[in-house]
Amino acid sequence: MYQVVPGGAGGTITDVIPKQKHTKDSRSLVGAGVIGLLLVIAAVTAWCYYIASLRKAELLKTQLLDLNKDGYIIRNQGGSIVFRMDFRSGTLDLDSCSKEEEILRCERTTDRKLKFFIKTVRPKDTVQCYRVRWEELVPDIPVEHAMTYKFAHWYGGAVSAIQHWPILISGQQTPKPFVTSDIYSNRSEFGGILESYWLSSNATAIKINNSVPFHLGWNDTEKTMYFQARYHDTPFKPNPGEAPCAELSYRVCVGSDVTSIHKYMVRRYFTKPYKVPAKVMFEHPIWSTWALYKRNIDQEKVLTYAANIRKYNFNCSHLELDDRYTKRYGDFEFDPVKFPNASEMFKKLKSDGFLVSLWIHPFVNYDSENFHPLVERGLFVREPTGQLPALVRWWNGIGGILDFTNQEARDWFTSQLDSLRSKYGVSSFKFDAGETNYLPWKFSTKNHIRDPSFFTRRYTEIVEKYKDRAELRSGYQSQNISCFFRPIDRDSVWGYELGLKSLIPTVLTISILGYQFILPDMIGGNAYLNHTSGDRALPDRELYIRWLELCAFMPSMQFSIPPWEYDNEVVEIARKYTAIHKSIVAPRVLELASEVLDTGDPIIRPLWWIATGDETAYKIDSQFLIGDDLMVAPVLEPGKQERDIYLPAGHWRSYKGERFDIKEPLHLTDYPVDLDEIAYFVWV
């Protein structure tokens, strides 16, 4: 290769100059420069992504909550994780999320659009709340969140056949409708008193919104509870004209301790009764014919039962005439064969100082004289098309169930009750059933209800007219009904499955759900065949005595199996504890009952109510408080005349006169408690 270069004056010079070749070293330098440039670009890019990720992470925080694509966690003021919720129905597309003041919003999952937000609310200095809502825009897609429960002990939800305190979760359950059910007949279902509210020992509470088609499941291996909203394969129904698009919305609140956060939740989310039931219901026991006579009741037996109550010198708030006083279920007149002169019977009872309440239910069997007229008037719950009444099976046969969303059906039902009151002087009624499991899986009502348990609510509203002495066994959003609520029938056994040991956990659960006027069912249980400890129809004698002692410290007492069915010693023990109930328990309960109208605070309280930081107190299920100053520790084991007792820190005096002034909780091991005793301690 040649080059032409400038020459001297007078011409040009042509020369041959060879071109230099690049060496290996020079090529390496160039390559290194290129790589260096690429590394710089990569570093700048990574830095930009890092800065963006920091901004996104900051964007997805609100107060003490951290949101990610798969769920969120909440910390307390000390920085510890107290709540975790995972999303099981989709993964959030975080690029679709934005933050505006205290609201986080997301518009997509990785595969579809949705409406999602978390809003932070601080209602008071010691409480931080988060409103969470996940709404699907496509019909029939369920929404499911999974709450981890391993961080704490949990309470609330619903009564159950096997009741523990705190909640004991075992096995796996796919989400099923969270609706009221008769757990005596359906022992794996949720109970007749139920609210979508849970509370934990780490001062966290969750309340599912009432508009949610709520289903609950769990997995004890994963330590999770599944909160699901759906409209397919379920008795929940969207409102007319609405697409079946599921929405899961709820509130999570975190406080400083378990007692204070529960007080906040009750005041904020539960209604309150506006009146205390009749004072005598708290002071004197109810006497029911059920466990003693079952359906074999008649006029002579009722009068004999009442005469024996007086003979053995017991008081009575009222006498409860239970099942089968009518000829057919759905009739509202006394069976003339079993009660040949019902009017005279009532006059005799009244002259002897007895008020009488009657057992009642929402069913009308097909052989009742009322069945066909009610069919013609359309007053029963109907099958899905609304053309025909739905026949339902209940424990006493087959018939229709009155549609309490229908004002005409409500008026007809109350007119029958009013007729009994005016004709015989009936004081009130024991309202049985009301659970949604007695509705068909698919049904229709006069007025649409999206949540089947709202049928329970409508049934409980009937009671308002008879509230002073009435009792219910089902409740849903019914805390404002000013009557007594009782748990489902107990078996005459010692254990946790509808037995004596289940009583305290059940009453504590009902109390936490906002129902404070509690009637703990019949002393000794119901003595059902094959569900009774002992070798005869009566409940075991020791079991009966221990049950009696426990019920003496409940808001109200109820006998059916009378103490004179045993022996004179049992009669004397019964007299002793009905007197203790009237003199020691009832005054405290009545004082607390008046406070319930304003606060909704429990009358029967768990020990952690006054020992909020004590891990032991969170797990105790065999002791309880009446208010803050009376602690009760019954014996619940057969053959025992001693028990271990936990005393919270404070100044206590035992029923034996012992004084305990303690700065730390005290465990009394093998504390002696004779058969005719129950251990209790009063705050000094």
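Per an unreviewed UniProt entry, the recorded name for the protein is Myogenesis-regulating glycosidase, and the organism is Cyprinodon variegatus. Under the heading Sequence similarities (unreviewed entry), UniProt records this for the protein: "Belongs to the glycosyl hydrolase 31 family."

J.: Any chance you could break down the overall build of the protein for me, citing the residues and the numbers?
T.: Secondary structure summary: the protein contains 13 helices and 36 strands in total. Radius of gyration (C-alpha) of the protein: 34 Å, far over the 26 Å computed for a compact globule of 684 residues. Dimensions of the protein, computed from the C-alpha atoms along their principal axes, are close to 155 × 70 × 45 Å. Here the protein holds 684 residues, and 57% of them are scored as buried. Considering only contacts in the protein between residues 6 or more positions apart, those separated by 24 or more positions represent 68%. About 28900 Å² of surface is accessible on the protein, with carbon and sulfur atoms providing 51% of the total.

J.: Describe in detail the pairing of strand S4 (residues 65-68), supporting the description with residues and values.
T.: Two elements, strand S3 (residues 61-62) and S4, share two bridges in a ladder whose sense is antiparallel. In the sheet register, Thr62 faces S4, and the bridge partner there is Leu65. Taking the residues between adjacent antiparallel strands as the criterion, S3 and S4 are bridged by two residues, where Gln63 takes a positive phi near 55°. Two elements, S4 and strand S5 (residues 71-75), share four bridges in a ladder whose sense is antiparallel. Within S5, the residue paired with Leu65 across the bridge is Ile74. Between the antiparallel neighbours S4 and S5 lie two residues.

J.: An account of the sheet that holds strand S28 (residues 558-559) is needed here, citing residue identities and associated values.
T.: Here seven strands make up an open sheet; going across it, the order is S27-S26-S25-S21-S20-S19-S28 and the pairing parallel. Only two strands of the sheet have a single partner each, and these edge strands are strand S27 (484-485) and S28. Summarising the sheet, strand S21 (residues 356-360) and strand S25 (residues 428-431) pair through four bridges and their orientation is parallel. Within S25, the residue paired with Ser357 across the bridge is Ser428. Set on the sheet, helix H5 (residues 299-311) makes contact with strand S19 (286-288), strand S20 (318-321) and S28; between it and S20 the angle comes to about 155°.

J.: Tell me what's going on with the packing of aromatic side chains, and back it up with residues and numbers.
T.: Two aromatic rings, taken as a pair, are described by how far apart their centres are and by the angle between their planes. One pass over the structure, following the stated rule, counts 59 aromatic pairs. When the centroid spacing of 6.2 Å and the interplanar angle of 45° are considered together, the rings of Phe314 and Trp564 count as tilted. Separated by 250 residues along the polypeptide, Phe314 in the loop between H5 and S20 and Trp564 in the loop between S28 and helix H12 (568-599) bring together distant segments of the chain. Judged by relative accessible area, Phe314 falls into the buried class, the value being 3%. Judged by its relative accessible area of 14%, Trp564 is buried. A centroid spacing of 6.2 Å and a plane angle of 85° characterise the contact between Tyr329 and Trp359, whose relative ring orientation is edge-to-face.

J.: Which residues make up the state of the cysteines, and what values go with them?
T.: Applying the stated criterion across every chain, the model contains two disulfides. Here Cys97 connects covalently by a disulfide to Cys106, the sulfurs 2.0 Å from one another. For the disulfide bridge between Cys97 and Cys106, the dihedral angle about the S-S bond is near 105°, and by the sign convention the bridge is right-handed. The class of Cys97 is buried, set by a relative accessible area of 7%. Classification of Cys106 as buried rests on a relative accessible area of 2%. Residue Cys129 pairs covalently with Cys253 via a disulfide, S to S 2.1 Å. Its torsion about the S-S bond being 110°, the disulfide of Cys129 and Cys253 is classed as right-handed. Taken together, the positions of Cys129 in strand S10 (residues 127-136) and Cys253 in strand S18 (residues 247-254) put the pair 124 residues apart, joining distant regions of the chain. The pair formed by Cys129 and Cys253 is uniform in burial state, with each residue classed as buried. The connectivity of the disulfide bonds within the protein can be written as 1-2, 3-4, using the sequence rank of each bonded cysteine.

J.: Pulling in residues and values, what's your account of the environment of Ala291?
T.: By secondary structure assignment, the location of Ala291 is in helix H4 (residues 290-293). Ala291 sits 168 residues away from Tyr459 along the chain, and the two C-alpha atoms are 25 Å apart. Apart from the residues lying within four places of it in its own chain, the contact partners of Ala291 are Met522, Gly525, Asn526, Ser560 and Ile561.

Reading guide: rules and limits
- Residues numbered from 1 in each chain as written.
- Predicted model: local features only at pLDDT ≥ 70, side-chain atom pairs only at ≥ 80, totals over all residues.
- Heavy atoms only, no water.
- UniProt positions renumbered as here; feature names shortened; annotations may be inferred.
- Helix = DSSP H or I, 4+ residues; strand = E, 2+ residues; numbered from the N terminus.
- Rg over C-alpha atoms; globule rule 2.2 N^0.38 Å.
- Buried < 20%, exposed > 50% of the residue type's maximum accessible area, 1.4 Å probe, protein only.
- Contact = heavy atoms within 4.5 Å.
- Areas by Shrake-Rupley, 256 points an atom, 1.4 Å probe, with all protein chains shown as cover.
- Pairing = 2+ DSSP bridges.
- Axes fitted to C-alpha atoms, helices over the stretch in contact; angles between N-to-C directions.
- Phe/Tyr/Trp six-rings, centres within 6.5 Å; stacked < 30°, edge-to-face > 60°.
- Disulfide = S-S within 2.5 Å.

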